[in-house]
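Each chain is listed here by its residues.
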Amino acid sequence: MAEEEVKLFGTWASPFSRRIEVALKLKGVQYEYIEENLTNKSPALLNYNPVHKQIPVLVHNGKPVAESFVIMEYVDETWKHNPILPTDPYEKAMARFWAKYIDDKLWPAAKKVVVTKGEEQKGVIDEIEHKMKNLEGELKEKKFFGGESLGFLDIAANIIIWLLVAQEALGMDQILNEEKLPALHGWLQRLLDDAVFKECVPPKKRHLDFSKVKFGSSIASK
Amino acid sequence: MGEEVKLFRSWSSPFALRIVWALEIKGIEYEAVFEDLSNKSPLLLQYNPVHKKVPILVHNGRPIAESFVILEYIDETWKQVPLLPEDPYERAMARFWAKFCDDKVLTSIWSAFIKQGKEQEEALVAAAENLKFLEKEMKGKKFFGGERIGYVDIVLGWLANLVSIFEEIVGLKIVDERKFPLLYSWMQDFAEAPIIRDNCPPRDKMIVKFKALLDAAIASSSSSSK
């Protein structure tokens, strides 16, 4: 079998590079992880992603792929066992539609929560709740968005964890409460219990401290 | 075999046009349902409740929205005349560039058209930087897909007819032939391809529409400035 060289450029606190870690681990792909300092990007990163100069970048046998969903699809098509995307074209389309919804609509709203206050913030929270209700509609009674096991859309939805940590760091009520979003609430517990997935979230305390600094809270953690 | 394919579109949506082109290139029979976006049909709202937009492809009663998602669905369902390459790395490159086209190229060129003053200047600079990447990616190929039109060509296809319309309305050069010779000749080749040429909204109607959009944007920006 040919020598396979897989490298992942990422950061510990980025949900986007964490997505790739989940995908690679689910497929049992051996890879070298390179932690980037985004305030001092390595020449390698700039060389591999000259267009966006961003992580994550996957480099497979010297060839770079950037953009988290593009990388995830590449991983799924290159290592075909344990598929992340459904095989049925319509189900695949639904997974891609909702993943795009998460990045294009839910994530920008989540970022707004931490930089708004008062009435404006309340409006953003309502917006997020509405969007998460849409996601609940897609989850329905399933264990995961991917069905019995976690898949593309579950991985894409990891940004919900980042939103919740940011809210906790700022002393806000958690938006994912059992009463308003029961299916998603249960889903999140299962996701965080999953043997592979739970290795691919930042350590809670470190993530909380990081969020507190990033979003300007002066309350020190104990 | 009964196959029912409907495409909800508007007469001018460049996103819906992508789907028209894909269906035509693959020779897929379909019914076009033209929507008046100022008065959306109950069916549209039922088929795309999340975004309430076109395009929507409805295949045997099942709706799909978002042009990239629809294009991939079409390519996976009707395998003749493939739009995406077969090799996983080439597919990744096509998907990367398609996203770049919408996130960066389209956004900056739209801003260059619709904004004024300093915002317009900055958008033009951003557009030129983005176009440089595309120019490099052409690498002497006739189309981004190689010898024939593929996924990225379809996604970027709006550039071929809309940019000259924008340039005419605002009197500015956005895609300079001297700076972007490969891209410029791609625009000609793409626009002249029979399927594309036969499936483009009428230019005069487009000029009226986009001039009206620009006038409205200028009016609202001057009424809100002090």
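That block above? That's the structure.
Definitions and cut-offs
Residues numbered from 1 in each chain as written. Chains lettered and ligands numbered in written order. Predicted model: local features only at pLDDT ≥ 70, side-chain atom pairs only at ≥ 80, totals over all residues. Heavy atoms only, no water. Pairing = 2+ DSSP bridges. Helix = DSSP H or I, 4+ residues; strand = E, 2+ residues; numbered from the N terminus. Axes fitted to C-alpha atoms, helices over the stretch in contact; angles between N-to-C directions. 1 Å grid on protein atoms, 1.4 Å probe; cavity = no way out; pocket = protein on both sides within 12 Å on 5 of 7 lines; lining within 4 Å. Points joined across faces, edges and corners; volume = space filled by probe spheres on them. Nonpolar A, V, L, I, M, F, W, Y, C, P; charged D, E, K, R; others polar. Contact = heavy atoms within 4.5 Å. Buried area = accessible area lost by both parts, 1.4 Å probe. Salt bridge = Lys/Arg side-chain N within 4 Å of Asp/Glu carboxyl O. Polar contact = N/O pair within 3.5 Å; in protein donor to acceptor, adjacent residues only side chain to side chain. Phe/Tyr/Trp six-rings, centres within 6.5 Å; stacked < 30°, edge-to-face > 60°. Lys NZ or Arg CZ within 6 Å of the ring centre and 35° of its normal. Core = buried A, V, L, I, M, F, W, Y, C linked by side-chain atoms within 4.5 Å. Buried < 20%, exposed > 50% of the residue type's maximum accessible area, 1.4 Å probe, protein only. Disulfide = S-S within 2.5 Å.

Visitor: Sorry, what's going on with the sheet that holds strand E4 (residues 62-65) of chain B here?
Guide: Picture the strands of a sheet paired through backbone hydrogen bonds; they go either parallel or antiparallel. All names here are of chain B. Spatially, the 4 strands line up as an open sheet ordered E2-E1-E3-E4, and their pairing is mixed. Two strands bound the open sheet, and with one partner strand each, they are strand E2 (31-34) and E4. Pairs of neighbouring strands in the sheet enclose a mean axial angle of 20 degrees, with direction left out of account. Judged from the 4 bridges that link them, strand E1 (residues 5-9) and strand E3 (residues 56-59) form a sheet pairing that is antiparallel. Bridging from a neighbouring strand, Leu7 pairs with Leu57 of E3.

Visitor: I'm lost on the layout of surface pockets in this one. Help?
Guide: To locate leftover empty space, one rolls a probe as large as a water molecule over the atoms. Here the second largest pocket is characterised by a volume of approximately 830 Å³. What lines the second largest pocket is a set of 33 residues, and nearest its centre among them are Met93, Phe96, Trp97, Glu137 and Lys139 of chain B. Mapped by element, the contributors of at least two residues to the lining of the second largest pocket are helix H2 (43-48) and strand E4 (63-66) of chain A together with helix H4 (88-114), helix H5 (117-138) and helix H6 (151-156) of chain B. In terms of residue count, the dominant contributor to the lining of the second largest pocket is H4 of chain B (6 residues). Among the residues making up the lining of the second largest pocket, the classes are represented as 20 nonpolar, 4 polar and 9 charged.

Visitor: I would appreciate a short explanation of the interface of chain B and chain A in the present structure.
Guide: It is common to give the size of an interface as the accessible area that goes away when the parts come together. Contacts between the two partners involve 24 residues from chain B and, on the opposite side, 28 residues from chain A. Taking both sides of the interface into account, the surface hidden between chain B and chain A amounts to around 2400 Å²; carbon and sulfur atoms contribute 69%. Counting across the interface, chain B meets chain A through 8 salt bridges. Here Glu72 of chain B and Arg96 of chain A are joined by a salt bridge, their closest N and O atoms 3.3 Å apart. At the junction of chain B and chain A, the tally comes to 7 residue pairs in polar contact (both at pLDDT 80 or more). The element best represented in the side of chain B that touches chain A is H4 of chain B, accounting for 11 residues. A per-class count over the side of chain B that touches chain A returns 14 nonpolar, 2 polar and 8 charged.

Visitor: Where do I start with the packing of aromatic side chains in this structure?
Guide: Geometrically, a pair of aromatic rings is defined through the distance of the ring centres and the angle of the planes. Residues and elements named next belong to chain B. This structure, assessed with the given rule, holds 25 aromatic pairs over all chains. The structure contains a cluster of three or more aromatic residues connected by ring pairs, namely Trp21, Phe144, Trp186 and Phe190. The ring of Trp11 is capped by Lys205, whose NZ or CZ atom sits 4.3 Å from the centre of that ring. We note Lys209 situated over the ring of Phe210; from NZ or CZ to the ring centre the distance is 5.4 Å.

Visitor: Would you explain the sheet that holds strand E2 (residues 32-35) of chain A in this entry?
Guide: Residue and element names in this part refer to chain A. Strand order in the open sheet made by the 4 strands is E2-E1-E3-E4, with mixed pairing throughout. Each end of this open sheet is capped by a strand with a single partner; those strands are E2 and E4. Across this sheet, the average inter-strand angle for adjacent strands is 20 degrees, counted without regard to direction.

Visitor: Hey, could you run me through the nonpolar core in this one?
Guide: Within soluble globular proteins, side chains that are nonpolar generally end up buried alongside one another. Core analysis: the biggest nonpolar cluster contains 146 residues, and Met132 and Trp187 of chain A together with Ile109, Leu134, Tyr151 and Leu159 of chain B have the highest contact counts within it. The residues touching Leu159 of chain B, leaving out its near neighbours within four places in the chain, are Ile109, Val175, Leu183, Trp186 and Met187 of chain B. In terms of nonpolar packing, the next biggest core, distinct from the first, is built from 7 residues, Val33, Val54, Ile56 and Val58 of chain B among them.

Visitor: Would you take a moment to explain the environment of Glu136 of chain A for this structure?
Guide: Residues and elements named next belong to chain A. For Glu136, the location among the structural elements is in helix H5 (residues 118-139). Classification of Glu136 as buried rests on a relative accessible area of 15%. For the pair Glu136 and Pro182, spaced 46 residues apart in sequence, the C-alpha separation works out to 8.4 Å. With residues near it in sequence (within four places) discarded, Glu136 still touches Leu181, Pro182, Ala183, Leu184 and His185.

Visitor: Quick question: what am I supposed to make of the state of the cysteines here?
Guide: In a disulfide, the sulfur atoms of two cysteines are covalently bonded to one another. Residue and element names in this part refer to chain B. Inspection of every chain in the model, using the stated rule, returns 0 disulfides over all chains. We note that Cys101 lacks a disulfide partner, and the nearest cysteine sulfur, in Cys200, lies 17 Å from it. On the basis of relative accessible area, Cys101 is assigned to the buried category, the value being 0%. You can call Cys200 partly exposed: its relative accessible area is 30%.

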